[in-house]
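Residue strings, one per chain:
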Amino acid sequence: MKTRSKVERTKIHNRLPVAREGFPFILIGILITLSCLLFHLLVPGILAAVLTLFTIYFFRDPDRRAEVEEKVILAPADGRVVEIRTLEDGENPFGEPAFKVGIFMSIFDVHVNRIPTTGRISKIQYRPGRFLSANLDKASEENENNRITLETPDGGRLLVVQIAGLIARRIACWVRENDLVKAGMRFGLIRFGSRLDVYLPRESRVLVQRNQKVKAGLTKLGYLP
């Protein structure tokens with residue numbers, strides 16, 4: 001069986017302005033709404049229709065294109081910056097000093113994740129865990145997560161961690177190890193409120209501040225050294 005290229009796999013998620021992970025929920029909502037209307041259940045039908053519209057809104061996948069500068073680090077998720085921390089050797093998964101930037105995604109944010117900088121996916125590691133509220137710092141270590149190591153063209157490394165939240169029970173990752181990726185490309189999605197952490201080299205220049213709102217593929221988190 002022939003393996004699809006990265007470009008071909010990504011196109012699957014780009015044809016409609018809604019992520020395909022939302023299709024089952026949207027279809028169920030439409031069927032419930034139609035069933036309620038068929039049996040003249042007006043109030044339940046209206047509620048089902050509202051929930052269906054919100055589901056479509058939640059899984060929205062807007063087209064975003066930005067000019068990418070050399071060494072720029074783009075926000076990989078929409079949301080609010082809840083953590084900016086300097087890490088010492090033992091705190092960073094790479095075993096060297098680094099910056100950690102945590103972004104919390106509420107249920108009202110776009111949940112499609114995007115590649116922060118151009119490079120190659122060298123490792124993907126899924127870890128089961130708890131489902132604490134994703135805005136808590138300890139969620140980074142204890143919650144179910146998916147760790148994606150990205151190697152830059154000059155040999156640097158970034159770690160992007162998709163973290164499940166209190167009601168987010170599924171992490172979708174659309175890239176594979178050894179994929180060549182570009183800054184701003186879609187790479188995954190986390191369902192119903194979640195968090196995304198980025199570990200940057202210590203020499204990086206961080207531009208964002210705590211509590212700042214950011215947009216995936218558009219906001220500059222900083223620059224690589």
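Notes on the structure follow. These numbers were taken from a predicted model, which means no experiment stands behind them.

### A word on the environment of glutamate 177
Here is step 1: On the secondary structure map, glutamate 177 appears in the loop between β8 (171–173) and β9 (180–181).
Here is step 2: C-alpha separation for the pair glutamate 177 and leucine 150, spaced 27 residues apart in sequence, amounts to 9.4 Å.
Here is step 3: With residues up to four places along the chain from it excluded, the contact list for glutamate 177 reads Ile121, Ser122, Lys123 and Ile124.
Here is step 4: One polar contact links the side chain of glutamate 177 to the main-chain amide nitrogen of isoleucine 124, over a distance of 3.0 Å.

### Regarding helix α3 (residues 42–58)
Here is step 1: Helix length check: α3 (17 residues) gives 24 Å between terminal C-alpha atoms against 24 Å at 1.5 Å per residue, within 8%.
Here is step 2: Residues Gly45, Ala48, Thr52, Thr55 and Phe58 constitute the buried set of α3. Buried residues of α3, viewed axially, fall in a sector of 145°; they line one side. In α3, the exposed positions that point more than 90 degrees away from the buried face belong to Leu42, Val43, Leu47 and Leu53.

### So, empty space enclosed by the protein
Here is step 1: Summed over the entire model, instances satisfying the criterion amount to one cavity of 30 Å³ or more.
Here is step 2: Every residue lining the largest cavity is listed: Ile115, Pro116, Ile121, Ile148, Leu150, Val160, Val175 and Phe187.
Here is step 3: When its residues are assigned to classes, the lining of the largest cavity shows eight nonpolar, no polar and no charged.

### What to know about the sheet that holds strand β10 (residues 186–190)
Here is step 1: Pairing in this open sheet of three strands is antiparallel, and the strands run β4-β10-β8 from one edge to the other. The open sheet terminates on both sides in strands that have one partner only, identified here as β4 (112–114) and β8. Mean inter-strand twist for the sheet, computed between neighbouring axes without regard to direction, equals 25°.

### Overview of the packing of aromatic side chains
The relative placement of two aromatic rings is captured by the distance of their centres and the angle of their planes.
Here is step 1: Under the definition given, this model contains four aromatic pairs.
Here is step 2: Pairing phenylalanine 54 with phenylalanine 108 gives two aromatic rings, centres 6.1 Å apart and planes at 80°, and the pair type is edge-to-face. With phenylalanine 54 in helix α3 and phenylalanine 108 in the loop between β3 (98–105) and β4, the pair connects residues that are 54 residues apart, well separated along the chain.
Here is step 3: Classification of phenylalanine 54 by relative accessible area gives partly exposed; the value is 29%.

### Examining the sheet that holds strand β1 (residues 72–74)
Sheet strands pair by backbone hydrogen bonding; their relative direction is either parallel or antiparallel.
Here is step 1: Overall, antiparallel pairing links the three strands, which are arranged β1-β14-β12 in an open sheet. Sheet topology places β1 and β12 (205–206) at the edges, where each strand pairs with a single neighbour.
Here is step 2: Where β1 and strand β14 (residues 220–223) come together, three bridges link them in antiparallel fashion. Counted as the bridge partner of leucine 74 is lysine 220 from β14.

### Quick notes on unusual backbone geometry
Here is step 1: Notably, histidine 40 is not glycine yet its phi reads approximately 60°, a positive angle.
Here is step 2: Position of histidine 40 relative to the elements: it lies in the loop between α2 (23–38) and α3.
Here is step 3: Look at histidine 40 and you get exposed, because its relative accessible area is 73%.
Here is step 4: The phi angle at asparagine 211 is positive, at roughly 75°, despite the residue not being glycine.
Here is step 5: We classify asparagine 211 as partly exposed; its relative accessible area is 49%.

What counts, and where the lines are drawn
Just so you know, the residues in each chain are numbered from 1, in the order the chain's sequence is written. Where local features are concerned, this predicted model is filtered to residues with pLDDT of at least 70; where side-chain atom pairs are given and counted, the filter is 80 or more; whole-chain, interface and lining totals use all residues. To obtain the side-chain values, all non-hydrogen atoms of the structure were used and water was disregarded. Runs of E in the DSSP output that reach at least two residues are strands. Runs of H or I that reach at least four are helices, and both are numbered from the N terminus. Residues count as neighbours in contact if any of their non-hydrogen atoms are within 4.5 Å of one another. Side-chain atoms alone can form a polar contact between residues adjacent in sequence; in general such a contact is a pair of N or O atoms within 3.5 Å, and within protein one must be able to donate a hydrogen while the other accepts it. The span one expects for a helix is its residue count, reduced by one, times 1.5 Å. Buried residues are those whose accessible area, probed at 1.4 Å on protein chains only, stays under 20% of the maximum for their type, while exposed residues exceed 50% and partly exposed ones sit between those limits. The arc refers to the directions leading from the helix axis to the C-beta atoms. Buried and open spaces are told apart on a 1 Å grid over the protein atoms alone, a cavity being a set of points where a 1.4 Å probe fits but cannot get out and a pocket being an open set with protein on both sides within 12 Å along at least five of seven lines. Residues with an atom within 4 Å of a point are the lining residues. Grid points are joined across faces, edges and corners, and a volume is the space filled by probe spheres set on the points. When residues are grouped by polarity, Ala, Val, Leu, Ile, Met, Phe, Trp, Tyr, Cys and Pro land in nonpolar, Asp, Glu, Lys and Arg in charged, and all others, Gly among them, in polar. Pairing between strands is defined by DSSP: at least two bridges between them are needed. Note on geometry: axes are lines fitted to C-alpha atoms, helical ones only across the stretch in contact, with angles between N-to-C directions running from 0 to 180 degrees. Aromatic rings from Phe, Tyr and Trp, with only the six-membered ring used for Trp, were paired whenever their centres fell within 6.5 Å, and each pair was classed as stacked if the ring planes differed by under 30 degrees, edge-to-face if by over 60, and tilted otherwise.

Just distances and angles here, no functional claims.
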